[in-house]
Amino acid sequence: MAAALRWLRRGGGGVSGGARGYSRDAEGSWFRSLFVHKVDPRKDAHSNLLSKKETSNLYKIQFHNVKPECLDAYNSLTEEVLPKLHSDADYPCDLVGNWNTWYGEQDQAVHLWRFSGGYPALMDCMNKLKQNKEYLDFRKERSRMLLSRRNQLLLEFSFWNEPLPRQGPNIYELRTYKLKPGTMIEWGNNWARAIKYRQENQEAVGGFFSQIGELYVVHHLWAYKDLQSREETRNAAWRKRGWDENVYYTVPLIRTMESRIMIPLKISPLQ
């Protein structure tokens, strides 16, 4: 090794000055490579490592950008039709939450669904909806009110709370993190330890990661009485030893992040 290093420092056998600069870079890269830790091959997909094992729930989140002049009509139409699907035992889907964005992207509706039974339940529901005239009419009428829409299929983190109905009034914050590819396991490991710092006020509603749609996306859903309560709860977390470490280790994993403050619709189980 010593002989190889001396050879590299001399420029690899009398090459030009420009090449010697390249050789010094190569020397550092070669030297560092001697100490690179080998990564153990994954034994399972990260979705299986991070998601709940005792359930087979699949979630769908929908983002509907509504024409500003149509938002009230959109809400009324939604509140008339969607609860029927929620209460019909023949459809294996449940409403988890329905909101309008208050702060963040304006004139936007956000809907979160749960499919009990995973992908088979999702496909069963989709096939039945194709034969549901009322729902097809609803979609046609709704399409006239929208500027755009998108959705994602999600799994829930094993260490987060199950998103259960709760009484209000509350405001909800949906914090969306787009992670660097390959960092989901590291994110999950850190948050599995950190979630205990955010439970005292029962603010942690649910945590999810994307499976279909835009990938390496995480959604954290929080509930607060109001914006002042949100500020006090978040500030209190910083006074707990260990919370700062979670932020320190997870911030480098993030490409972008977004916060929405949302108001529940009348039909939302999360009030």
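Cut-off values and rules
Residues numbered from 1 in each chain as written. Predicted model: local features only at pLDDT ≥ 70, side-chain atom pairs only at ≥ 80, totals over all residues. Heavy atoms only, no water. Pairing = 2+ DSSP bridges. Helix = DSSP H or I, 4+ residues; strand = E, 2+ residues; numbered from the N terminus. Axes fitted to C-alpha atoms, helices over the stretch in contact; angles between N-to-C directions. Patch = residues over 30% accessible without salt bridge, like charges linked within 9 Å, V, L, I, M, F, W, Y side chains within 5 Å. Areas by Shrake-Rupley, 256 points an atom, 1.4 Å probe, with all protein chains shown as cover. Salt bridge = Lys/Arg side-chain N within 4 Å of Asp/Glu carboxyl O. Phe/Tyr/Trp six-rings, centres within 6.5 Å; stacked < 30°, edge-to-face > 60°. Buried < 20%, exposed > 50% of the residue type's maximum accessible area, 1.4 Å probe, protein only. Lys NZ or Arg CZ within 6 Å of the ring centre and 35° of its normal. Parallel < 35°, antiparallel > 145°, perpendicular 65-115°, else oblique. Left-handed = near helix turned anticlockwise from the far one by under 90°. Contact = heavy atoms within 4.5 Å. Core = buried A, V, L, I, M, F, W, Y, C linked by side-chain atoms within 4.5 Å.

Trainee: Mind showing me how you'd approach the sheet that holds strand β1 (residues 57-66) here?
Mentor: Neighbouring strands of a sheet are bound in pairs by backbone hydrogen bonds; such pairs are parallel or else antiparallel. Spatial strand order, β1-β3-β2-β8-β5-β7-β6-β4: eight strands in a closed barrel with antiparallel pairing. Averaged over all adjacent pairs, the angle separating strand axes in this sheet is 35°, with direction ignored. Judged from the four bridges that link them, strand β2 (residues 93-103) and strand β8 (residues 254-264) form a sheet pairing that is antiparallel. Its bridge partner being in β8, Trp99 is matched across the sheet by Pro264.

Trainee: I keep staring at a nonpolar patch on the surface and nothing clicks. Help me out?
Mentor: On the surface, a cluster of nonpolar side chains totalling about 360 Å² of accessible area is made up of Trp102, Tyr103, Leu227 and Ile263. Looking at the secondary structure, you find Tyr103 in strand β2.

Trainee: Honestly, the packing of aromatic side chains in this entry has me stumped. Any pointers?
Mentor: Where two aromatic rings form a pair, the distance of their centres and the angle of their planes describe that pair. With the rule as written, the count across this model stands at 13 aromatic pairs. On the basis of an interplanar angle of 45° and a centroid distance of 4.8 Å, the ring pair of Trp102 and Tyr103 is categorised as tilted. Owing to a relative accessible area of 46%, Tyr103 belongs among the partly exposed residues under this scheme. One aromatic cluster is present, built from ring pairs that chain together Trp160, Tyr177, Trp187, Trp191, Trp222 and Trp243. Taking the ring centre of Trp222 as reference, the NZ or CZ of Arg198 above it sits at 4.0 Å.

Trainee: What am I meant to see in the environment of Glu69 here?
Mentor: Structurally, the position occupied by Glu69 is in the loop between β1 and α5 (71-87). Its relative accessible area of 64% is what places Glu69 among the exposed residues. For the pair Glu69 and Met145, spaced 76 residues apart in sequence, the C-alpha separation works out to 8.6 Å.

Trainee: Can you help me understand the packing of α5 against helix α7 (residues 133-143) in this one?
Mentor: The axes of two packed helices give the description: the angle between them and the distance between them. Between α5 and α7, whose axes approach to 11 Å, the crossing angle comes to 160°. Taken together, α5 and α7 sit at an angle that is classed as roughly antiparallel. For the pair α5 and α7, the sense of crossing is left-handed. Facing Tyr74, Leu77, Thr78, Val81, Leu82, Lys84 and Leu85 of α5, the residues of α7 in contact are Glu134, Tyr135, Phe138, Glu141 and Arg142.

Trainee: Help me out: how do you make sense of the nonpolar core in this one?
Mentor: Burial of nonpolar side chains together is a common tendency in soluble globular proteins. Within the largest apolar cluster, 51 residues are counted, with the highest numbers of intra-cluster contacts made by Phe115, Phe157, Trp160, Trp187, Trp191 and Val218. Ranked by residue count, the leading element in this core is α5, at six residues. The residues contacting Trp187, other than those within four sequence positions of it, are Phe157, Tyr177, Leu179, Val218, His220, Thr250, Leu253 and Ile254. Grouped together as the second largest cluster of nonpolar side chains are 16 residues, Phe63, Trp99, Leu174 and Val205 included.

Trainee: Even after reading the chapter, I still don't get the pairing of strand β5 (residues 171-179), so can you show me in this structure?
Mentor: In summary, the side chains of a regular strand alternate between the two faces of the sheet. Of all the nine residues making up β5, eight are buried; the element is thus mostly covered by neighbouring parts of the structure. Relative to strand β7 (residues 217-224), β5 runs antiparallel, the two being bridged by eight bridges. Within the sheet, the bridge partner assigned to Tyr172 lies in β7 and is Ala223. Pairing of β5 with β8, which is carried by eight bridges, proceeds in the antiparallel orientation. Pairing of Tyr172 across the sheet is with Met262, part of β8.

Trainee: Please clarify how unusual backbone geometry should be interpreted in this entry.
Mentor: The linkage connecting Gly168 with the following residue, Pro169, adopts the cis geometry, with an omega of 5°. Within the fold, Pro169 resides in the loop between β4 (146-156) and β5. Phi at Asp107 takes a positive value of approximately 55°, unusual for a residue other than glycine. Backbone geometry at Tyr216 places phi at a positive 55°, although glycine is not the residue there.

Trainee: Hey, could you run me through the environment of Thr233 in this one?
Mentor: Within the fold, Thr233 resides in helix α9 (residues 227-238). The class of Thr233 is buried, set by a relative accessible area of 8%. For Thr233, the residues in contact, after removing those within four places along its chain, are Arg198, Asn201, Glu203 and Tyr224.

Trainee: Just checking my understanding: could you explain the pattern of salt bridges for this structure?
Mentor: If the charged atoms of two oppositely charged side chains come close together, the side chains can form a pair. The tally for this structure, following the rule as stated, stands at 11 salt bridges. When the shortest N-O distance is used, the salt bridge between Asp90 and Lys128 registers 3.2 Å. You can see Asp90 sitting in the loop between α5 and β2 and its partner Lys128 sitting in helix α6 (residues 118-129), a full 38 residues away along the chain. For Arg260, the salt bridge is made with Glu258, and the minimal N-O distance between the two is 3.7 Å. When its relative accessible area of 33% is taken as the criterion, Glu258 is described as partly exposed. The structure contains a network of salt bridges with shared partners spanning Asp90, Asp124 and Lys128.

In short, geometric facts, not functional conclusions.
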